[in-house]
Amino acid sequence: GENVEQHPSTLSVQEGDSAVIKCTYSDSASNYFPWYKQELGKRPQLIIDIRSNVGEKKDQRIAVTLNKTAKHFSLHITETQPEDSAVYFCAASIEGNTPLVFGKGTRLSVIA
Amino acid sequence: EADIYQTPRYLVIGTGKKITLECSQTMGHDKMYWYQQDPGMELHLIHYSYGVNSTEKGDLSSESTVSRIRTEHFPLTLESARPSHTSQYLCASTNQGTDTQYFGPGTRLTVL
């Protein structure tokens, strides 16, 4: 089955700097890669996703890149703000066929 | 408002008790999921359902059972609660053909 590895497990950045979180997956059939943000005491919320027919997707300060050959995808947050502090989870699936497999999460701290 | 609802939000019970955690969604989604998560930590898939009368075990069944008699309702039952069941339980749902998951607010369970 699918296995998703996520790095780093913790990340501290200065406000205004960029943050990058990386994930690798094992099943080459996986074609859907979402990212979730979970603030303290709240439910995970989808922030961006990418499907295997594109290599990059942006939404304001957030971008995701996908390298199907290497089987890895990354979340990029630019101009970080204190409200970006949260735990971020990547996930992968064969969309519509298998449940999402989540990475173990990255705790991002943005220091003002 | 279309959303996922979980009750109770907090529960403290004694060892050996039988409990049912409720999850309902008003988004018309076909697929529903239960996850166990210690705060801010890894998400463990317990059970999932792709439709009425369809249920599957995830990686962590945790001595629990589920039922899916109605599309909108997916209760999780612990037959005999133990202190190791102390955790947060998150319900989620997606529509057929997509894996874009929406999470409920969670039930925080403490077993004494």
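Everything below is about the structure shown above.
Summarised in this report is the structure supplied together with it. (Residues numbered from 1 in each chain as written. Chains lettered and ligands numbered in written order. Predicted model: local features only at pLDDT ≥ 70, side-chain atom pairs only at ≥ 80, totals over all residues. Heavy atoms only, no water.)

Comments concerning the nonpolar core
Applicable threshold: Here the nonpolar core consists of buried residues drawn from Ala, Val, Leu, Ile, Met, Phe, Trp, Tyr and Cys, with membership extended through side-chain atoms lying within 4.5 Å. Under the scheme applied here, a residue whose accessible area is under 20% of the maximum for its type counts as buried, over 50% as exposed, and between as partly exposed, the area being computed with a 1.4 Å probe on protein chains only. By the criteria applied, helices consist of DSSP H or I runs no shorter than four residues and strands consist of E runs no shorter than two, each listed in order from the N terminus. Whether two residues are in contact is decided by their heavy atoms: any pair within 4.5 Å suffices.
With 23 residues, the main nonpolar core has Trp35, Phe73, Leu75 and Leu108 of chain A as its most contacted residues. Where this core is concerned, the elements lending two or more residues are strand E2 (10-14), strand E3 (19-25), strand E4 (32-38), strand E5 (45-51), strand E7 (62-67), strand E8 (72-77), strand E9 (86-92) and strand E11 (106-111) of chain A. Beyond its immediate chain neighbours, meaning those up to four positions away, Leu75 of chain A contacts Ala19, Val20, Ile21, Trp35, Ile47, Ile48, Ile62, Ala63 and Tyr88 of chain A. Listed in part, the 17 residues of the second largest apolar core include Ile4, Cys23, Trp34 and Ile46 of chain B.

Regarding unusual backbone geometry
Cis geometry is adopted by the peptide bond preceding Pro8 of chain A, which originates at His7 of chain A and carries an omega value of -5°. Locating Pro8 of chain A in the fold gives a position in the loop between strand E1 (4-7) and E2. The omega torsion across Thr7 of chain B and Pro8 of chain B is -10°, close enough to zero to call that bond cis. The backbone phi angle of Lys71 of chain A is positive, close to 55°, even though this residue is not glycine. With respect to the helices and strands, Lys71 of chain A occurs in the loop between E7 and E8. Even without being a glycine, Asn53 of chain B presents a positive backbone phi close to 65°. Secondary-structure assignment places Asn53 of chain B in the loop between strand E5 (44-51) and strand E6 (54-57). Classification of Asn53 of chain B as exposed rests on a relative accessible area of 68%.

Considering the sheet that holds strand E7 (residues 64-66) of chain B
All names here are of chain B. The cut-off we apply is this: Pairing between strands is defined by DSSP: at least two bridges between the two strands are required. Axis geometry follows a simple rule: fit a line to the C-alpha atoms, using only the stretch in contact for helices, then measure angles between N-to-C directions, giving values from 0 to 180 degrees.
Spatially, E1-E3-E8-E7 is the arrangement adopted by the four strands of the open sheet, whose pairing is antiparallel. Two strands close off the open sheet at either side, each with one partner strand: strand E1 (4-7) and E7. Across the sheet, the mean angle from the axis of one strand to that of its neighbour is 15°, orientation sign disregarded. The pairing of E1 with strand E3 (residues 19-25) spans four bridges and is classified as antiparallel. Within the sheet, the bridge partner assigned to Tyr5 lies in E3 and is Ser24.

Things to note about the pairing of E2 of chain A
Residues and elements named next belong to chain A. The alternating pattern of E2 places Leu11 and Val13 on a buried face, while none of Thr10, Ser12 and Gln14, on the opposite face, is buried. Judged from the five bridges that link them, E2 and E11 form a sheet pairing that is parallel. Bridging from a neighbouring strand, Ser12 pairs with Ser109 of E11.

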